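These are the residues of each chain, in order.
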Amino acid sequence: MNKRDFLKNMSLAVIGAPFYGSAMATSLESIAKIPADIVAHNEDFWLKVRQDYKLKPEYINLESGYYNIIPTPTLNALHKNIDMVNYEGSYYMRTVQWENKKRMSEKLAQIIGSTSKNVIITRNTTESLDMIISGMNWIAGDEAVYAIQDYGAMKVMFEQVAKRYGIINKEISVPNHPKSDEEIVAVYEEAITDKTKLLMVCHMINITGQILPIKKICQMAHSKGVKVMVDGAHCVGHIEFDINDLECDFYGSSLHKWLAVPLGTGLLYVADEHIDTIWPIFAEDKREPGDISRLNHTGTIPVYHDLTIESAIDYYNMLGGARKEARMRYLQEYWTQKVRNHKGIVVNTPADSQRACGIANVGIEGMEPEIMAKKLLEDYHIFTVAIKYANVHGCRITPNVFTTTEELDVFVKALKEMAA
């Protein structure tokens, strides 16, 4: 075996190492044949999962939506990847870097039901979607449609494109408690004209956790010749879905959220017919038609973060996507059902189980969200984030697989006392 093959095999052995020592792994056999919705209630199993995390005892963390704490097995894999890349140095960067990145892309694509020919690794959702917004062939008078509830970074990019090319941005507002899918679809449809070129829509609205009917929106938009770009920042590793079933043109996500990959990792999906139509953020050498790598010139980056995507996926698969989704939905409904009809408490997330999963938003009547978040932290040692824009006033609550129902009981008690 020559030196190059030896180092390649060594690096693959490091990034493919099994999760020895995972507390959760030791109890999987006992729940393997139990339906996911039943496992969601099994507090003993989820306490085992909790043991895979190092958590600060000073507060209850109900703000996993910004950044998911990495479970210890994945964190250990990251440290091994750092050591391996540092040991191999420039040799790794000039030889097997790209082969390993392709392997990561292939495994990541499988999570969303796609293939590596349509998926690239980015740094986050903002980079993924801003590439699409800024990279389209806009002309003056073109229109874009998005919601006031959408993420600020992408809206700012639309504003920049409007100043640069003279396009027109049209904002709609998504109801917090829609009566049907058709009501939501109609809100977007009413904003579309014969000049509309792109529609941006959240798969899961980041400030409320509402899941939108993406397939129906895409079918409506496509019937009018409009492309659809989906903000899926909170969906990969949170809810199970097949990208082909959504029928969208573009999809971006942040892997440091619910897939619990190290910071600086994201995903961009581009449908076949659009790969050659987007201008990349950083210019790349000439590629064959349909080669998505033309959009993925990144320069020199911390490659060990990308390498750890595989380890995070292995942990996610070991836990089970269906089990995780069921647990996240159970936790959200566990606390929201206790306060949804309580005097002085306003839940800004739909009650329908199919319209939300782990994320929800709650407010106290007459109390500013910033004051609410401050009181929760200072008086009850609960960490959240205040939200005050669009039609949403409250705190976003994002528990995780390590969250216990006992912690949520503390939160519910706090809400009722504050409302009183």
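Quantities reported herein were computed from a predicted structural model and do not represent experimental measurements.

Scoring rules and cut-offs
Residues numbered from 1 in each chain as written. Predicted model: local features only at pLDDT ≥ 70, side-chain atom pairs only at ≥ 80, totals over all residues. Heavy atoms only, no water. Disulfide = S-S within 2.5 Å. Core = buried A, V, L, I, M, F, W, Y, C linked by side-chain atoms within 4.5 Å. Buried < 20%, exposed > 50% of the residue type's maximum accessible area, 1.4 Å probe, protein only. Contact = heavy atoms within 4.5 Å. Pairing = 2+ DSSP bridges. Helix = DSSP H or I, 4+ residues; strand = E, 2+ residues; numbered from the N terminus. Axes fitted to C-alpha atoms, helices over the stretch in contact; angles between N-to-C directions. pLDDT = per-residue confidence, 0-100. Right-handed = clockwise from strand over helix to strand, strands pointing away. 1 Å grid on protein atoms, 1.4 Å probe; cavity = no way out; pocket = protein on both sides within 12 Å on 5 of 7 lines; lining within 4 Å. Points joined across faces, edges and corners; volume = space filled by probe spheres on them. Nonpolar A, V, L, I, M, F, W, Y, C, P; charged D, E, K, R; others polar. Phe/Tyr/Trp six-rings, centres within 6.5 Å; stacked < 30°, edge-to-face > 60°. Lys NZ or Arg CZ within 6 Å of the ring centre and 35° of its normal. Expected span 1.5 Å × (residues − 1). Salt bridge = Lys/Arg side-chain N within 4 Å of Asp/Glu carboxyl O.

Peer 1: What exactly am I supposed to notice about the state of the cysteines here?
Peer 2: The bond known as a disulfide is covalent and runs between the sulfur atoms of two cysteines. Under the criterion given, the structure shown has 0 disulfides. The thiol sulfur of C218 is not disulfide-bonded, and the nearest other cysteine sulfur, from C248, lies at 5.4 Å.

Peer 1: Mind showing me how you'd approach the nonpolar core here?
Peer 2: Most often, soluble globular proteins keep nonpolar side chains buried together rather than apart. The biggest cluster of nonpolar side chains holds 74 residues, and the ones touching the most others in it are Y188, L199 and Y251. If we ignore the near neighbours within four places in the chain, the residues touching Y188 are V145, A147, I172, V174, L199, M200, V201, L212, I217 and M220. Core analysis: the next-biggest nonpolar cluster, separate from the first, contains 27 residues, Y330, I364, M367 and A414 among them.

Peer 1: It is not clear to me how the sheet that holds strand 7 (residues 250-254) should be interpreted in this structure. Could you clarify?
Peer 2: Each strand in a sheet pairs with its neighbour through backbone hydrogen bonds, running either in the same direction (parallel) or in the opposite one (antiparallel). The mixed open sheet is built from 7 strands, whose spatial order is 2-8-7-6-5-3-4. The open sheet is flanked by strand 2 (119-122) and strand 4 (168-172), the only strands paired with a single partner. Neighbour-to-neighbour, the strand axes of this sheet turn through a mean angle of 20°, independent of strand direction. Two elements, strand 7 and strand 8 (residues 266-270), share 5 bridges in a ladder whose sense is antiparallel. Across the sheet, residue S254 finds its bridge partner in strand 8, namely G266. Across the face of the sheet, helix 11 (residues 214-223) comes into contact with strand 5 (196-202) and strand 6 (227-231) while running at roughly 175° to strand 5.

Peer 1: Help me understand the confidence of the model for the protein, please; the structure alone is not making it clear to me.
Peer 2: Low-pLDDT stretches of the model should not have their predicted coordinates read in fine detail. Looking at the protein, pLDDT values average 94 and 95% of them are 70 or higher. Ignoring residues within four places in sequence, the model shows residues 6-18, a span with pLDDT below 50, making 28 contacts including any to other chains.

Peer 1: Looking at this model, I keep getting lost on the pairing of strand 4. Mind explaining?
Peer 2: The two faces of the sheet receive side chains in turn, since in a regular strand these alternate between them. Strand direction decides the pairing type here: strand 3 (residues 143-147) and strand 4, joined by 5 bridges, are parallel. Residue A147 lies in a different strand from strand 4, and its bridge partner there is I172. For the crossover that starts at strand 3, traverses helix 9 (residues 152-165) and ends in the parallel strand 4, the hand is right-handed.

Peer 1: Could you clarify how one ought to interpret the layout of surface pockets in this entry?
Peer 2: Empty space among the atoms becomes visible once a probe the size of a water molecule is rolled across them. In this model, the largest pocket occupies a volume close to 500 Å³. Looking at the largest pocket, it is lined by 22 residues, and the ones nearest its centre are W98, K101, R287, S293 and N296. Counting residues per element, the ones that place at least two in the lining of the largest pocket are helix 7 (97-111) and strand 2. In terms of residues, the lining of the largest pocket owes the most to one element, helix 7, which gives 5 residues. When its residues are assigned to classes, the lining of the largest pocket shows 6 nonpolar, 10 polar and 6 charged.

Peer 1: Please explain the packing of aromatic side chains as it appears in this structure.
Peer 2: In this description, an aromatic ring pair is defined by two values, namely the gap between the centres and the angle between the planes. Per the stated rule, a full pass over the model turns up 7 aromatic pairs. Both rings, one in F45 and one in W46, keep their centres 5.0 Å apart while their planes meet at 80°; by these two values the pair is edge-to-face. A cation over a ring is seen here: K338 above Y334, with NZ or CZ 4.6 Å from the ring centre.

Peer 1: Looking at this model, I keep getting lost on helix 14 (residues 321-339). Mind explaining?
Peer 2: The periodicity of an α-helix, 3.6 residues per turn, causes residues three or four positions apart to be oriented the same way. For helix 14, which comprises 19 residues, the first-to-last C-alpha distance of 28 Å matches the rise-based estimate of 27 Å (1.5 Å per residue) to within 8%. For helix 14, a buried count of 16 out of 19 residues is recorded, marking the element as mostly surrounded by other parts of the structure.

Peer 1: Looking at this structure, I do not really get empty space enclosed by the protein. What am I missing?
Peer 2: The tally for this structure, following the rule as stated, stands at 2 cavities of 30 Å³ or more. Within this model, the largest cavity holds a volume of roughly 90 Å³. Lining of the largest cavity is provided by 14 residues; of these, Y53, W258, A260, Y315 and K324 occupy positions nearest its centre. When residues of the lining of the largest cavity are assigned to their parent elements, the largest contribution, 4 residues, is made by helix 13 (residues 303-319).

Peer 1: Is there a simple way to think about the pattern of salt bridges in this case?
Peer 2: Two side chains carrying opposite charge are able to pair once their charged atoms lie near each other. Applying the stated criterion across every chain, the model contains 24 salt bridges. Of the charged contacts in the structure, one is a salt bridge between R396 and E63, with a shortest N-O distance of 3.1 Å. Taken together, the residues span a long stretch of sequence, with R396 in strand 13 (residues 392-397) and E63 in the loop between strand 1 (60-61) and helix 5 (72-88) at a distance of 333 residues. Since its relative accessible area comes to 6%, R396 is described here as buried. Note that D181 is salt-bridged to K216, the shortest N-O span being 3.0 Å.

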